[in-house]
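Here is how the chains run, residue by residue.
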Amino acid sequence: MLPSNTSVMIVGGGPCGLMLANELGRRGVSAVLVDEKPSTAFNPQANATQARTMEHYRRLGFANDIRDLGLPTDFPTDIAYFTRYATHELARFKLPSAAEAKQKIHSLSGSWSAAELPHRISQKYVEQVLRQQAEKLSGISVNFGWRMVEFSDTGKDVRVLVERVEDGERREITAAYLMGADGPRSPVREALGYRYTGETGVVRDFMGGRMYAIYVRSPDFYKTVPHAPAWMNVCFNNERRAFMAAVDGKGEFAFHTQLKPHENEAEITQEDALRMFQMGVGAPVKADILSHGAWTAGHSLVADHMQKGRVFIGGDAAHLFTPTGGLGYNTAVEDAVNIGWKLAAVLKGQAAPSLLETYELERRPLAVRNTAYAKTFADSLGLYAPVPEIEEDSAAGRQAREQAGQYFEAHGRAEFNIPGITFGGRYDGSPAIVSDGSAPPPDAANEYTATACPGGRPPHCWLSTDKSLYDTFGFEWTLLCMNPDNVYTGDFEEQAQQHGLDLTVVTVAQARDLYEADFALIRPDQIVAWRGNETQSANAIFSRILAR
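Residues numbered from 1 in each chain as written. Predicted model: local features only at pLDDT ≥ 70, side-chain atom pairs only at ≥ 80, totals over all residues. Heavy atoms only, no water.

Chemist: In this structure, what is going on with empty space enclosed by the protein? I would like to understand it.
Modeler: Any empty space left between the atoms is revealed when a probe the size of a water molecule rolls over them. Taken as a whole and assessed by the stated rule, the structure comprises 3 cavities of 30 Å³ or more. Considered as a void within the structure, the largest cavity measures approximately 200 Å³ in volume. At the level of secondary structure, the elements contributing two or more residues to the lining of the largest cavity comprise helix H2 (51-60), helix H9 (328-347), helix H10 (357-382) and helix H12 (419-423). Looking at the lining of the largest cavity element by element, the count peaks at 4 residues for H10. Split into classes, the residues belonging to the lining of the largest cavity amount to 6 nonpolar, 7 polar and 6 charged. Quantified by volume, the second largest cavity comes out at close to 50 Å³. Looking at the lining of the second largest cavity, its residues break down into 7 nonpolar, 2 polar and no charged. (1 Å grid on protein atoms, 1.4 Å probe; cavity = no way out; pocket = protein on both sides within 12 Å on 5 of 7 lines; lining within 4 Å. Points joined across faces, edges and corners; volume = space filled by probe spheres on them. Helix = DSSP H or I, 4+ residues; strand = E, 2+ residues; numbered from the N terminus. Nonpolar A, V, L, I, M, F, W, Y, C, P; charged D, E, K, R; others polar.)

Chemist: I keep staring at the nonpolar core and nothing clicks. Help me out?
Modeler: Note on soluble globular proteins: their nonpolar side chains tend to be buried together. If you look at the biggest cluster of nonpolar residues, it comprises 92 residues, and the most contacted ones within it are Tyr57 and Leu521. Among the elements that make up this core, the one with the highest residue count is H9 (11 residues). What leucine 521 contacts, discounting residues up to four positions off in sequence, is Trp477, Thr478, Leu479, Phe492, Leu503, Ile527, Val528, Ala529, Trp530, Ile541, Phe542 and Ile545. (Core = buried A, V, L, I, M, F, W, Y, C linked by side-chain atoms within 4.5 Å. Buried < 20%, exposed > 50% of the residue type's maximum accessible area, 1.4 Å probe, protein only. Contact = heavy atoms within 4.5 Å.)

Chemist: Mind showing me how you'd approach the state of the cysteines here?
Modeler: Here a disulfide denotes a covalent bond joining the sulfur atom of one cysteine to the sulfur atom of another. The full count for this structure, using the stated rule, is 0 disulfides. A disulfide-free cysteine, cysteine 461 has its sulfur positioned 15 Å from the sulfur of cysteine 481, the nearest such atom. (Disulfide = S-S within 2.5 Å.)

Chemist: It is not clear to me how the packing of H2 against H9 should be interpreted in this structure. Could you clarify?
Modeler: In a pair of packed helices, the angle between the axes and the distance between the axes together describe the arrangement. At their nearest, the axes of H2 and H9 sit 9 Å apart, and the two run at 40° to each other. When the interaxial angle is binned, H2 and H9 end up oblique. For the element pair H2 and H9, the recorded crossing hand is left-handed. Facing Arg52, Thr53, His56, Tyr57 and Arg59 of H2, the residues of H9 in contact are Tyr329, Asn330, Val333, Glu334 and Val337. Looking at the contact of H2 with H9, its residues break down into 4 nonpolar, 3 polar and 3 charged. (Axes fitted to C-alpha atoms, helices over the stretch in contact; angles between N-to-C directions. Parallel < 35°, antiparallel > 145°, perpendicular 65-115°, else oblique. Left-handed = near helix turned anticlockwise from the far one by under 90°.)

Chemist: What exactly am I supposed to notice about the packing of aromatic side chains here?
Modeler: Ring pairs (aromatic) are described by centroid distance and by the angle formed between their planes. One pass over the full model with this rule turns up 27 aromatic pairs. Ring geometry for phenylalanine 206 versus phenylalanine 243: centroids 6.4 Å apart, planes at 65°, classification edge-to-face. One end of the pair, phenylalanine 206, is in the loop between strand S11 (196-199) and strand S12 (209-217); the other, phenylalanine 243, is in strand S14 (residues 242-246), with 37 residues separating them in the sequence. Residue class for phenylalanine 243 comes out buried when judged on its relative accessible area of 11%. The interplanar angle of 35° and the centroid separation of 6.5 Å between the aromatic rings of phenylalanine 221 and phenylalanine 277 together place this pair among those described as tilted. Here the residue phenylalanine 221 occupies a position in helix H7 (residues 221-224), and phenylalanine 277 occupies one in helix H8 (residues 270-281), the gap between them amounting to 56 residues. (Phe/Tyr/Trp six-rings, centres within 6.5 Å; stacked < 30°, edge-to-face > 60°.)

Chemist: What is the right way to look at the sheet that holds strand S23 (residues 477-481) in this model?
Modeler: Working definition: the strands of a sheet are paired by backbone hydrogen bonds and lie parallel or antiparallel to each other. Sheet architecture is open: 4 strands sit in the order S24-S23-S25-S26, paired in mixed fashion. Of all strands in the sheet, those bounded by a partner on one side alone are strand S24 (503-507) and strand S26 (528-532). Taking each pair of neighbouring strands and ignoring which way they run, the sheet shows an average axis angle of 15°. Strand direction decides the pairing type here: S23 and strand S25 (residues 519-522), joined by 4 bridges, are antiparallel. (Pairing = 2+ DSSP bridges.)

Chemist: It is not clear to me how the pairing of strand S5 (residues 89-93) should be interpreted in this structure. Could you clarify?
Modeler: Along S5, 4 of the 5 residues are buried, which leaves the element largely enclosed by surrounding structure. Alignment of strand S4 (residues 79-82) against S5, held across 4 bridges, turns out to be antiparallel. Bridged to alanine 80 within S5 is arginine 92. Counted along the chain from S4 to the antiparallel partner S5, the turn is 6 residues long.

Chemist: Is there a simple way to explain the layout of surface pockets in this structure?
Modeler: The calculated volume of the second largest pocket comes to roughly 290 Å³. For the second largest pocket, the lining is made up of 19 residues, of which Gly424, Arg426, Pro441, Pro442 and Asp443 are closest to its centre. Looking at the lining of the second largest pocket, the elements that each hand over two or more residues are H10 and H12. At 3 residues, the largest contribution of residues to the lining of the second largest pocket is made by H10. Considering only residue class, the lining of the second largest pocket consists of 8 nonpolar, 6 polar and 5 charged. Counting residues domain by domain, the lining of the second largest pocket receives three or more from each of domain 1 (5-70 + 121-199 + 300-373) and domain 3 (426-546). (Domains from an automatic or database assignment.)

Okay, structure coming up:
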């Protein structure tokens, strides 16, 4: 039975909506989620979970559940480039398997010092875990097979009319706030009168314009192809350009190909889809087509706003990517992480409602940044076209393949070794950050310099072989105390109590040089909110962040 009242109404059961349900439920805030689909995703969709997203899953306690799903733990997560999958391999960017990542993470430093490494897993598996975890939480009601019909923001609450897809039964739900995480055609965004801004309709030789997705099962693929397995497989020829992610490591793949001008997506049959896949393979491999459909690449779009009154949008409703770099789903998860603690703080009376205005202030610039990076990768991949002789068994063909291999070696490193994008997102200038006047390092895709300059991800270190600094953080607020000669934290503890905040104090002297301060205050979304060498200003710090 759907509740008639709730604190937060969530429209959309993808990664953003389900993650928000987890963030709220863990904080004792009630939420009702509706999604018109019968269940979580069947098609693979996104295939890369970035390290920062995995750190958030670790914070919630289910990173290992995610890492154990999808590809076998010993399956290579390489990115490999071919003329066709069964013919010439051009280049390969090697990355660790899930098992290797678990071992390797403890020895990494510099740009990749992290509590978690990236994980290559289909979104369909991630959504299953997010749903299971959300449904365990008291006060969280997850309802697939229901759609939002309309809503009204009264100024005091939001009245939402929902309808069961199966039989048309309707219910009205009253919520304090509404989050529209309802995809690129978002009815919530449209009702708010907001529109996408940015670039769309970009045409490229590949990853621009009309694309076709084919979810295929072909256990014979690995018997047919003479090359080592890879997570991401890109084919580069003049007849059938495509990228293909391994879904389960046993024979299921998400194959995406660029349609030619003469191909009509509305007329493509299962037999046509099979032929497309076989053209990419370069052999008549047996396969079953599980689903197929058209989509459009070439988007780099961000909504002009992400909040109006008591209504917010996030995920694809707020930003739409061309899926190079794997940034869309990960940006959506961080939207939920950002708004989740803020909604909870306002609903519990810990913060003023104006704190919620920092959601758009913080997240929209990150969406603009990330869509721009994704466009850069799409240009690099899609504007590089194969020469006519790329598949020839000739000196010219061999030279063409060598040149293409050199290009893709560089491209692979640029697109898939991105600690700067993963960890370098910042909220500089936000009212929910207390600046210390320092400047962060320059933003760069392929390099990340850890900094405790307020507004970014906390610098990370391992305290022991299996204990991350992040493992000591509280679920809500954390105060790091890093100078053994300056250990008084009473001001922060007293002010946290007066504001009704759950504050965890962590004494960790070995992080002093990393943070370049005696103290650092970490927000619930694991962002450095403040750092300094004295604590007397604790009341002013909390008051600024919480808009009190």
